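Tertiary structure, described
Listed below, chain by chain, are the residues.
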Amino acid sequence: MNDVQGTRGGGVTSYQNAPTRTITAGGVTFAYRELGPQSGVPVVFLTHLAAVLDNWDPRVVDGIAARRRVITFDNRGVGASSGSTPRTIQAMAKDAITFIRALGFEYVDLHGFSMGGMIAQVIAQTEPQLVRKLVLTGTGPAGGEGIKNVTRLSHFDTVGRSPKAG
């Protein structure tokens, strides 16, 4: 029986109830949330452009956290994490590696969504021993067809305008 809604056996099972924690590494204080079973290989979620912890769909996170330890975090300079936002995917990957190592993991599974998928691919290339499994969703490779337009189109989508409307 649960004493607190969204917890089971001492572990948080609902993203809505997962507390935001921080860890400092490489001169950056990273904000993160952790839920699901506290054993086994964690799944580290890498998010899309301009996203913060609250942008993850709790239905997705909770579904995976029902059986797996899930960790989400804000990239450097975004949301509640300190520092200046990196200008390259490679720098974001380096930050993610720093964050994962600071948590003490020898290896993890990565779930990269959109820009997070690009970050995950760089991590898998530069630190293959850190990645056990890789799940890529809504993403593509650097230099892939149309990838160079993602940021521009995202800005238009954010303001609710068509790129052709000027």
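Here the structure is shown first, and the text comes after it.
Predicted model, so just to flag it, every value in this text is computed and none were measured. (Residues numbered from 1 in each chain as written. Predicted model: local features only at pLDDT ≥ 70, side-chain atom pairs only at ≥ 80, totals over all residues. Heavy atoms only, no water.)

What to know about unusual backbone geometry
Although it is not a glycine, alanine 50 sits at a positive phi angle of roughly 65 degrees. Its location among the elements puts alanine 50 in the loop between strand E5 (43–46) and helix H1 (58–65). (Helix = DSSP H or I, 4+ residues; strand = E, 2+ residues; numbered from the N terminus.)

Notes on the packing of aromatic side chains
Going through the model one piece at a time under the given rule, you end up with six aromatic pairs. Ring centres 6.1 Å apart and planes at 75 degrees place the aromatic pair phenylalanine 30 and phenylalanine 73 in the edge-to-face group. With phenylalanine 30 in strand E4 (residues 28–35) and phenylalanine 73 in strand E6 (residues 70–73), this pair connects stretches of sequence that are 43 residues apart. The two residues phenylalanine 30 and phenylalanine 73 agree in class, both being buried. When the centroid spacing of 4.3 Å and the interplanar angle of 20 degrees are considered together, the rings of phenylalanine 73 and phenylalanine 99 count as stacked. Of the two residues, phenylalanine 73 is situated in strand E6 and phenylalanine 99 in helix H2 (residues 89–102); the sequence distance between them amounts to 26 residues. Judged by relative accessible area, phenylalanine 73 falls into the buried class, the value being 3%. (Phe/Tyr/Trp six-rings, centres within 6.5 Å; stacked < 30°, edge-to-face > 60°. Buried < 20%, exposed > 50% of the residue type's maximum accessible area, 1.4 Å probe, protein only.)

Points about the sheet that holds E4
The strands that make up a sheet are held in pairs by hydrogen bonds between backbone atoms, and each pair lies either parallel or antiparallel. Reading across from one edge, E3-E4-E6-E5-E7-E8 is the order of the six strands in this open sheet, with mixed pairing throughout. The sheet is open, and its two borders are formed by strand E3 (21–25) and strand E8 (131–137), each paired with just one other strand. Each strand axis lies, on average, 30 degrees off the axis of its neighbour in the sheet, ignoring direction. Of the pairings in the sheet, the one linking E5 to E6 comprises three bridges and is parallel in character. Residue pairing across strands places valine 43 opposite valine 70, the latter belonging to E6. H2 rests against E3, E4, E5, E6 and strand E7 (108–113) of the sheet, and its axis sits at about 110 degrees to E3. (Pairing = 2+ DSSP bridges. Axes fitted to C-alpha atoms, helices over the stretch in contact; angles between N-to-C directions. Contact = heavy atoms within 4.5 Å.)

Details of the nonpolar core
Among the nonpolar cores identified, the biggest contains 26 residues, and Leu46, Leu110, Ile119 and Ile123 are the most heavily contacted of them. Contributions of two or more residues to this core are made by E4, E5, E6, H2, E7 and helix H3 (115–126). Among the elements that take part in this core, H2 stands out by supplying seven residues, more than any other. With near-sequence residues (within four places) excluded, leucine 46 lies in contact with Trp56, Phe73, Ala96, Leu110, His111, Gly112, Phe113, Gly116, Ile119, Ala120 and Ile123. Residues Val43, Val61, Ala65 and Val70 belong to the second largest nonpolar core, which totals twelve residues. (Core = buried A, V, L, I, M, F, W, Y, C linked by side-chain atoms within 4.5 Å.)

Digging into the packing of H2 against H3
Two elements in contact, H2 and H3, have axes whose closest approach is 8 Å; the angle formed by their N-to-C orientations is 70 degrees. Between H2 and H3, the crossing angle belongs to the class labelled roughly perpendicular. For the pair formed by H2 and H3, the contact residues are Ile89, Gln90, Met92, Ala93, Ala96 and Ile97 on the first element and Met115, Met118, Ile119, Val122, Ile123 and Thr126 on the second. In terms of residue class, the contact of H2 with H3 is built from ten nonpolar, two polar and no charged. (Parallel < 35°, antiparallel > 145°, perpendicular 65-115°, else oblique. Nonpolar A, V, L, I, M, F, W, Y, C, P; charged D, E, K, R; others polar.)

Some remarks on the pattern of salt bridges
Here the structure, examined in full by the defined rule, presents eight salt bridges. Close ionic contact of aspartate 95 with arginine 76 constitutes a salt bridge, the shortest N to O distance being 2.7 Å. Residue aspartate 95 is located in helix H2, and its partner arginine 76 is located in the loop between E6 and H2; the two are separated by 19 residues in the primary sequence. A relative accessible area of 12% places aspartate 95 in the buried class. Close ionic contact of arginine 132 with aspartate 109 constitutes a salt bridge, the shortest N to O distance being 2.8 Å. One end of the pair, arginine 132, is in strand E8; the other, aspartate 109, is in strand E7, and 23 residues separate them in sequence. Taking the relative accessible area as the measure of exposure, aspartate 109 reaches 4% and is therefore buried. Connected through shared salt-bridge partners, Arg21, Glu34 and Arg69 make up one network. (Salt bridge = Lys/Arg side-chain N within 4 Å of Asp/Glu carboxyl O.)

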